[in-house]
Amino acid sequence: MTLPFLLFSLAWIAPTALSTYMLELTPGTRECFYTKLPGRATIVSGNYDIIDDDIPGDYLSVTLQNTLAEDGKRLWHNEPGSTEGIFSLTVDRGLRLAFCFEFREISDDETETIVEQLLIGWNIRVHAIPRELPDGESGPDTERARRLLEKAVNIEMDWSNLMDHFAFLRSREAVHMKLTSDILNRIMGWTLVEAFVVMAMAFLQVMYWKKFFEQRRYL
């Protein structure tokens, strides 16, 4: 009974999506992304990370809300001042969730850093809870298999968050490489302009002295 139960339950474990998402916010804006949960209890996990290391987390507010509740019940909120966060929680079936990001406006007295935009990497996933057999059909082996499945789901969530973290690192590296490339291009441009100016000045000096000595020779 254990092996068929294990295979049947593994079929309900949601596959891991390796793609991550990017979001760009300007001061005072709020963006929400919605997902409709299936008709059974599930585990919802997700994470976010501010790509720019120099930006403090005070500017960003991240929430996970149940939009079907009249008061928009908040299921999770990021830690104040944190630049990254991870969440995992079990929710009821059929909920409609909103994963929201808000660029908070902060006065100059609260921070010394002026931020004009936020680049955020984020992801959210839905994991199915392994199904259980009725009490009369379950036994020690089935209980052991259920615990293994729960550990497998936890490992899947940890692995997904780790892969997202590496994806955010690659995005951060791409931003830094673009910045470095832009700086090098500007340096190269100014170097060429300076070289042209120096060559022009040298040419004009040569022409000036040539004309000067020709006039002296005529005299």
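As shown above, the structure is provided for reference.
Because the structure is predicted, anything quoted here is derived from the model rather than measured.

Calculation notes
- Here, residues in each chain are numbered from 1, in the same order as that chain's written sequence.
- Under the rules for a predicted model, residues below a pLDDT of 70 receive no local features and side-chain atom pairs below 80 are neither given nor counted, while totals for whole chains, interfaces and linings still include all residues.
- As a convention, hydrogens and water are excluded, and side-chain values are obtained from all of the structure's heavy atoms.
- For each residue, the accessible area found with a 1.4 Å probe, counting protein chains only, is set against the maximum for its type, and the residue is called buried under 20%, exposed over 50%, and partly exposed in between.
- Numbering of helices and strands runs from the N terminus; a helix is a DSSP stretch of H or I covering at least four residues, while a strand is a stretch of E covering at least two.
- A pair of strands is considered paired only if DSSP assigns at least 2 bridges between the two.

*Asks:* Is there a simple way to think about the pairing of strand β8 (residues 118–128) in this case?
*Replies:* Remember that side chains alternate between the two faces of the sheet whenever the strand is regular. Of all 11 residues making up β8, eight are buried, and the element is well covered by its neighbours. Inspection of the sheet shows strand β1 (residues 21–25) paired to β8 by five bridges, in the antiparallel sense. Across the sheet, the residue bridging to M22 is G121, located in β8. Inspection of the sheet shows strand β3 (residues 42–50) paired to β8 by nine bridges, in the antiparallel sense. In the sheet register, D49 faces β8, and the bridge partner there is G121.

*Asks:* Teacher, can you tell me more about the pairing of strand β6 (residues 84–91) here?
*Replies:* Burial along β6 is one-sided: the face carrying G85, F87, L89 and V91 is buried and the face carrying E84, I86, S88 and T90 is not. One ladder, built from eight bridges, connects β3 with β6; its direction is antiparallel. Residue pairing in the sheet places G46 in a bridge with F87 of β6.

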